[in-house]
Structure formats: structure tokens, C-alpha cells
Amino acid sequence: MSEETPVSVTLQKDGDVAVVIVNNPPVNALSWHVRQGLKDNFEAALADDGVKAIVLRCDGGTFIAGADISEFGKPPRGPDFNAVLNMIEAATKPVVAAIHGTALGGGLETALVCHYRVAVPSAKLGVPEVKLGLLPGAGGTQRLPRVVGVEAAATMTSLGDPLPAAKAKDLGLVDALAGEDSLAADAIAFARAKIADGPRPTRERPVFGDAAVIEQLKAANAKRWRGFEAPYANLACVEAATRLPFDEGLAFERQEFMKLMMGSQSAAQRHLFFAERQAAKIDGLPKDIRLRDVKKVGIIGAGTMGGGIMMNFLQKGVPCTIVEMQQDALDRGLGVIRKNYDASAAKGRFKPEQVDQMMGLITPSLDLEALADCDLIIEAVYEDMGVKKEIFGKLDKIAKPGAILASNTSYLNIDEIAASTSRPGDVVGMHFFSPANVMKLLEVVRGEKTADDVLATAMAWGKKIGKVSVVAGVCHGFIGNRMLAPRQIEAQKLLLEGATPQQVDKVHTDFGMPMGPFQMSDLAGVDIGWHRDPNRIESIRDALCSEGRWGQKKQAGFYDYDEKRAPTPSARVEEIIDEFRKKAGIEKREITDQEIIERTLYPMVNEGALILEEGKAQRASDIDVVWVFGYGWPVYRGGPMFWAGIEGTDKIAAALEKHGFTVAPLLAEKAAAKAGF
Ligand code: 3H9
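Residues numbered from 1 in each chain as written. Predicted model: local features only at pLDDT ≥ 70, side-chain atom pairs only at ≥ 80, totals over all residues. Heavy atoms only, no water.

### Some details on the overall build of the protein chain
Applicable threshold: Only DSSP runs of H or I reaching four residues or more are called helices, and only runs of E reaching two or more are called strands; each is numbered from the N terminus. Here the radius of gyration uses the C-alpha set of atoms, whereas the globule reference equals 2.2 Å times the residue count to the power 0.38. Burial here depends on accessible area, computed with a 1.4 Å probe over protein chains only, as a share of the maximum for the residue type. Under 20% is buried, over 50% is exposed, and the range in between is partly exposed. Note on contacts: a residue pair qualifies if any of its non-hydrogen atoms lie within 4.5 Å across the two residues.
Helix and strand counts for the protein chain come out as 28 helices and 19 strands. Relative to a compact globule of 677 residues, whose C-alpha radius of gyration would be 26 Å, the protein chain shows 29 Å and is just as compact. Principal-axis analysis of the C-alpha atoms gives the protein chain an extent of 90 × 60 × 50 Å. Sorting the 677 residues of the protein chain into buried and exposed places 54% on the buried side. For the protein chain, the share of sequence-separated contacts (at least 6 apart) that also reach a separation of at least 24 residues comes to 72%.

### Details of the nonpolar core
Inside soluble globular proteins, nonpolar side chains tend to come together where they are buried. This is how the line gets drawn: The nonpolar core is taken to be a set of buried Ala, Val, Leu, Ile, Met, Phe, Trp, Tyr and Cys residues, with the residues joined through side-chain atoms within 4.5 Å.
Grouped together as the largest cluster of nonpolar side chains are 88 residues, with contacts concentrated most on I479, I540, I623, W627, W633 and L667. Tallying contributions element by element places helix α25 (residues 620-631) first for this core, with eight residues. Beyond its immediate stretch of four places on either side in the chain, I623 contacts I479, M483, G608, I611, L612, A617, P640 and M641. By size, the runner-up hydrophobic cluster in this structure holds 71 residues, among which are I21, A138, A165 and A187.

### Some points on the side chain of S344
By secondary structure assignment, the location of S344 is in helix α13 (residues 327-346). In this view, S344 contacts R349 and F350; residues no more than four positions away in its chain are not counted.

### A closer look at the pattern of salt bridges
Put simply, the rule reads: One speaks of a salt bridge when a side-chain nitrogen belonging to Lys or Arg is within 4 Å of a carboxyl oxygen belonging to Asp or Glu.
Counted according to the given criterion, the structure contains 51 salt bridges. Across the pair R619 and D622 runs a salt bridge, and its minimum N-O distance is 3.1 Å. Both residues of the pair, R619 and D622, count as buried. Across the pair D650 and K674 runs a salt bridge, and its minimum N-O distance is 3.2 Å. With a gap of 24 residues between them, D650 in helix α27 (residues 649-658) and K674 in the segment after α28 (665-672) connect regions that are remote in the sequence. Its relative accessible area of 30% is what places D650 among the partly exposed residues. Where salt bridges share partners, they join E490, K493, E497, R589, E595 and R599 into one cluster.

### Let's talk about the site of the ligand
We count it as follows: For this description, a residue counts as near a given molecule or strand if any of its non-hydrogen atoms is within 4 Å of it. Whenever two N or O atoms come within 3.5 Å, that pair is a polar contact, provided that in protein one can donate a hydrogen and the other can accept it, and provided that, for residues adjacent in sequence, both atoms are side-chain atoms. By the convention adopted, Pro, Cys, Tyr, Trp, Phe, Met, Ile, Leu, Val and Ala count as nonpolar, Lys, Arg, Asp and Glu as charged, and the other residues, Gly among them, as polar.
In the neighbourhood of the ligand, 24 residues make up the surrounding shell, with A67, E109, E129, R277 and K281 lying closest. One of the backbone nitrogen or oxygen atoms of I69 is found 2.9 Å away from a nitrogen atom of the ligand. Within the side chain of E109, a nitrogen or oxygen atom sits 2.8 Å from an oxygen atom of the ligand. Counting only elements with at least two residues in the shell around the ligand, the list comes to β5 (102-104), α3 (106-113) and α11 (264-279). It is α11 that provides the largest number of residues to the shell around the ligand, a total of three residues. Partitioned by chemical class, the residues of the shell around the ligand number 14 nonpolar, five polar and five charged.

### Describing the sheet that holds strand β17 (residues 468-473)
To be explicit about the condition: Strands are treated as partners if at least two bridges between them are detected by DSSP. Whenever a helix is involved, its axis is fitted only over the stretch in contact; in every case the axis is a line through C-alpha atoms, and angles between N-to-C directions fall within 0 to 180 degrees.
Within the open sheet, the eight strands sit side by side as β12-β11-β10-β13-β14-β15-β16-β17. Their pairing is mixed. Edge positions in the sheet fall to β12 (362-365) and β17, since each of these pairs with one other strand and no more. Taken over all neighbouring pairs, the strand axes of this sheet differ in orientation by 25° on average, direction set aside. Pairing between strand β16 (residues 441-446) and β17: six bridges, direction parallel. Bridged to R446 within β17 is G473. Across the sheet, α13 is in contact with β11 (320-323) and β12; its angle to β12 comes to roughly 155°.

### Re unusual backbone geometry
Glycine aside, the phi torsion of most residues is negative, and most peptide linkages are trans. The omega torsion of the bond from P25 to P26 falls at 5°, within 30 degrees of zero and hence cis. As for its position among the elements, P26 is in the loop between β2 (17-22) and α1 (32-47). With a phi angle near 55°, F478 is a residue other than glycine that sits in the positive phi range. By the element assignment, F478 lies in the loop between β17 and α18 (480-497).

### Quick look at the packing of α11 against α25
Helix packing for two helices is described by the angle between their axes and how far apart those axes are. Quick note on the threshold: Should an angle lie under 35 degrees it is considered roughly parallel, over 145 roughly antiparallel, and from 65 to 115 roughly perpendicular; all remaining angles are considered oblique.
Two elements in contact, α11 and α25, have axes separated by 9 Å at closest approach and are oriented at 105°. In terms of orientation, α11 and α25 fall into the roughly perpendicular class. Across the interface between the two elements, H271, L272, A275, E276, Q278 and A279 of α11 pack against S621, D622, D624, V625, V628 and F629 of α25. Looking at the contact of α11 with α25, its residues break down into six nonpolar, three polar and three charged.

As C-alpha cells, then:
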């Protein structure tokens, strides 16, 4: 070992059993020095005649959670992982993995070259590489079918979900369960008992099970895997295991792994892995900041948003008071929540008594005064600055000192709302996305005067209720909706010039978005933000609204809909577009799919650059997180700012200029350097 090699693996002896211990916080990832340490210490244990069996275990909160993702794409360092694993598998003394926490990816692959595995009941075992656009590239796809069979191996690798230890034991992945507090001792005893049996190399075991499951998995997940390469590569490797000798299967796995590793999809998914974790970090705030206590939550507005927001807190056992203006609106809101929970219970997500418990946490009221004992109050009424200011003015008098006053506004100025109180430091934006109990994104809007602990508490509660929270600055539409605006404007212009709603939408869905701009309008309601004067027709949208074409809810919008909400292109919409085109004196022309990308997606990157320049997002990767978790930007494209780097910022800037946009200075700078964000 060279002098600067960190000591992350050590060797202890318990009589005739050697114990190799990994200690590489926070998750015992297989960094280069861990691989080196494994090699050195296994070699030492194997060379020691007094050692008859070897245990591999980890210090800290978990077994090895995988390869060190931060090393990917960097020049290789330390011993080759596969070579280390092959050496362990070939050990002439029985090797036992002792698993607690999570044995994931390369961690499980390490456990798979051990001859036996014991685990505590709370442990989880899996190969989540597919979620990083990869496959288990250290023999996982070849060894798993030999241990758990083809069905389980195909499912585990292509879906990537970890198994609880008990299930792993049923499948034969775990040989014995250990005591939750006695893993180290139990593993040593288990190893000692296996001395007589000797090693059991996984590679020598036969593959078993039926490969038919592979096609079944493809059929069942066709929609979920649309556009993704990795699930199919995982299945191809498991399939290869059923017909190739072990070493050839390993070579095939290597080749498929390298293809994925060098491709842009995995780069995008790895970027998002770190981006999601980075988003939780707030620049300039001490890590140990004291959070405000939140024991009771108040919600103002029992509409779709208010109800959805409250469900998040109820599911965490937090008592909530919900306030509406009218009894019928309050009853309707509570009815919807009950219906949603009953539907989830019918699907087995909750037990009926859990639903009763959650509903029992609600205090409904028609009086804002009922919020006096709440620690966090979230206003979710309609978007009207006057109404919001009035509510916050009243809250200022009602809420207890130190209560956090949050607005769920999706566009409005938080500073202006905060100014209607005498405590602007307590005011913050908490912008949930609809349906608020389902969508993962939460934009936490930091006002000019928002106190640090208020911001940190809002972010922490976002995490607690299962959201991915991103800090946004005050600007119209914050991060997500602000970037949506230029896309929607340009999509309308494209209609006038000759594109159809279905062509524009198809370009977006082919790109990987769940829906295009017009499908989105129809779903959200074409009438949202409409001036409501049927005689004032200044845009295609005004014309649609004046005819009652408000979207899916009216079975007519940019598309016609049947009772099952299935869309078909609308002849009436085509007429409306034609009329507008004539009025505007625009000549209809052929619009290419490429032009649609350049004029609807590139302007989003431009807006993202402006957001960064203005400091309204902390970092480019936060913008990516917003778009992936809030709007369904395809995960394998990493978010708009990451994608800009793949697409080429120079290409984007040049196209924007060609189409008459003003290129944001930051984008121009990146383009000149041919750099990503
Ligand atoms: C692989 O193994 C390929 C192989 O087949 C080999 C082929 C040759 N590397 O999530 P947390 C960091 S691919 C580097 O907040 P939790 C993470 O960034 C890998 N860093 O904690 C964070 O850093 P920071 C397959 C990693 O308790 C800190 O650890 N394995 C890695 O909520 C804490 O993470 C996976 O995909 C890593 N592998 O959850 C598992 N993992 O504090 C990925 C974590 O600076 N990891 N970090 O922000 C996980 O799923 C979760 O981290 C885990 C813990 C469940 C382990």
C-alpha cells in the first residue's frame, strides 16, 4: 500500500476466522482504495495458515452500497474490481458476507462472490444500477441467475428495486438471518460452521429457471421503459447467462456495461443522482441550523391543491387544520380526500383503519382563527394577489409567534405577499405541483426577507413528506413555470406558421416528455389565466376559450375528447388556426420537427440560463431536478441544463439567434467555450 492510500479496509482475527472490515463512510462505496484494501487483506487472510474461514463485513450504517459513482468517467485507479471479485470467489477457504443496511450494486456483487451470505432482518439487497442507466457490471447479471434463478434475477436487474432480507432468504440469496445486534458474532459462528463444507464458488453453480419471464417483463413495462436503454441491456445479459458459459457471459456483460457507461443516458441518470442530493443543500446556510418545530399544520383552501397538500402531512401523522370559506366547499374538499384515500386503500396501499386514522387528524373549520395553534400554515387559494395579501394580513394577527406562513402560489411575488405581514421573515413559498399528494417536486421560494431557519424548515419538511425540494428565488413563475412560459408562447406561434397541435405534441412525446404543450394545456385547463371575456379574441387560445373549448374537462380543447378522455385531432381547431393565420397574413409552411425542438426546447435552456444569471436558482442541476420531478422531463436526458451540454450549447445559441431570440449572456458564454452548464 502506498503512503497516501487511505486505510479503509482492515483485518482482524477471531481464532481461526479472519474478518475483513470495510470502513469507507458514508456508504462504504467501493472507492479505489477499498478495492485495494480488499485485495491486500484477502490476500493476507488467504496466506495465513491459521485462518480457516473469512468473514467480510462493514463498519458504519451499511454494507457496501455499490461502486463509487463519483469515480465513473474518471481515469481508472487501483485494482480492477472484477479481478478482486474473481480472487475472492476463488478463495480456498469459505468466505461469508455479513450484511446490514444495504448491499447494493457492486456491494451485492461483492456479496455474490462470497460463498455464503448472512444478513440482519432489516437489511436490503439489490442491484439498482438500472436506475443509474447501468447494469451490474461486475458479474451481477451472471451470478444472480445462478443464486436466485432467472425470474428473480431478471426482475431484480431490470427494475432495480432492493429486496428485504427475509425475501432474499426465501430466494436463496441470503443463507441465514443473523441477530439485529449480533451480526459480527453470528457471521463468525456461521463461517466456522462452514469450514467443513469448504468454498462454494457461485460461478460453478448452474443457472436455473425459465427465460420466458424476460419477454413478460418487457411487455409489462413497455410504457415505463419507453426511451430507456438500460432495462433492456440488463435483460439481455440475464438472457445471455442462460445460454453462455460463465466467462463468456461475463465478457458479454462487460461489453454491454461499457456501452451504457459511455452513453449519454447513464451520464444523465448519474448526474440526476447527485443533483437530487445536491438540491437539498442550501448555499450559505450553516449545516447545523436549528429548525423550527412543526407539530401542527394549517391549510387554507380545501380545493384540489389544498386537499392534496394536506394529504402529504396526514400520511406522516401530522394533525392538520383546514379552513375554507363555505361549508359546502369544505365538505366537498374533505369528501375528495376521503375518496382518494379509499381508492388507495382498495389498491392495498393503506389499511381501512389507517384511512380512518388519517381522516381523524383533520380539524375542519370555516374560521381562520382556528389556525392560531398551527406551526406551519400553507395558503392554497386561487392566484389573486389581492386575496393573498388579505389572507396574510389576517394571518399576521392570528398565527402564533414563530409560525411559518407559506404560500402555495405558483407565480406571484412572495415578497409582496410577505410585505402584508409584520413578520416577512416568517414568510416563504411552498409551491407544490398538482396532484400535490403524488408529484415529487416542491419549489421552496426564498423571499428577500425569509429567515434562514424558515427556509431550512420548509426544505426539511419537504423531504419528510417525500418530496424533492428545490430552492427558488422570487420571479414570475419561479423556476419551472417561468421556463414553461417561452415554450408555450412559441408553440402557439408554430401553429400560426403551419404546425398542428398533434405535430408539436408528438415531437415532445418522442423526445420523452409525458405530454406535449397542447396536451398539457388541455389537461390543466385551456381557460387557466384566461381573461373571461368571450368577445375579446386576440389569440387562438382566446378563440378556444370563447367557444367553451376549455380542455379535457369540457371534452374539447386543442383536441376533441371522447367520454374516456381519448383525444382526436379537431377539425374545428384547425379552422380556428386557419382563420387566425389568414388574419395575421401568415403564409402556411412546412414546419420540421427539428424547428419545433429549436423553438420550444432551446428557449427553455435560454430561460434557464437567465434564471441562473439572476441567481433565482442556486445551480444548474437544481433546474434539472425541477424539470425532471415537476414536469416529467425524461430522466435519461438529465434535465434541460444537462441536456444543453449534450446537445451542444453552441448549437443551441446559434439556432436561437437564427430564430430571432436574444441569447442569454450566460448561454452565449457557455456556447463560446463549447461548455455545458
Ligand atoms: C455500481 O455498483 C456498478 C457496479 O455494478 C460495478 C460495475 C463495474 N457512490 O443517498 P444518501 C453518497 S453502481 C458514491 O443521501 P441515504 C451520496 O451522494 C452503484 N457516493 O443517503 C451522499 O453524499 P452527500 C450502485 C455515494 O442514507 C451520501 O453518500 N449503487 C454512493 O438516504 C449519502 O447518500 C447504488 O446505486 C455511491 N454509490 O441512502 C446505490 N451512494 O452526503 C446508490 C451514496 O455528499 N446509493 N453516495 O450528498 C443509494 O441508493 C443511497 O445512497 C443509499 C443510502 C440507499 C445507499
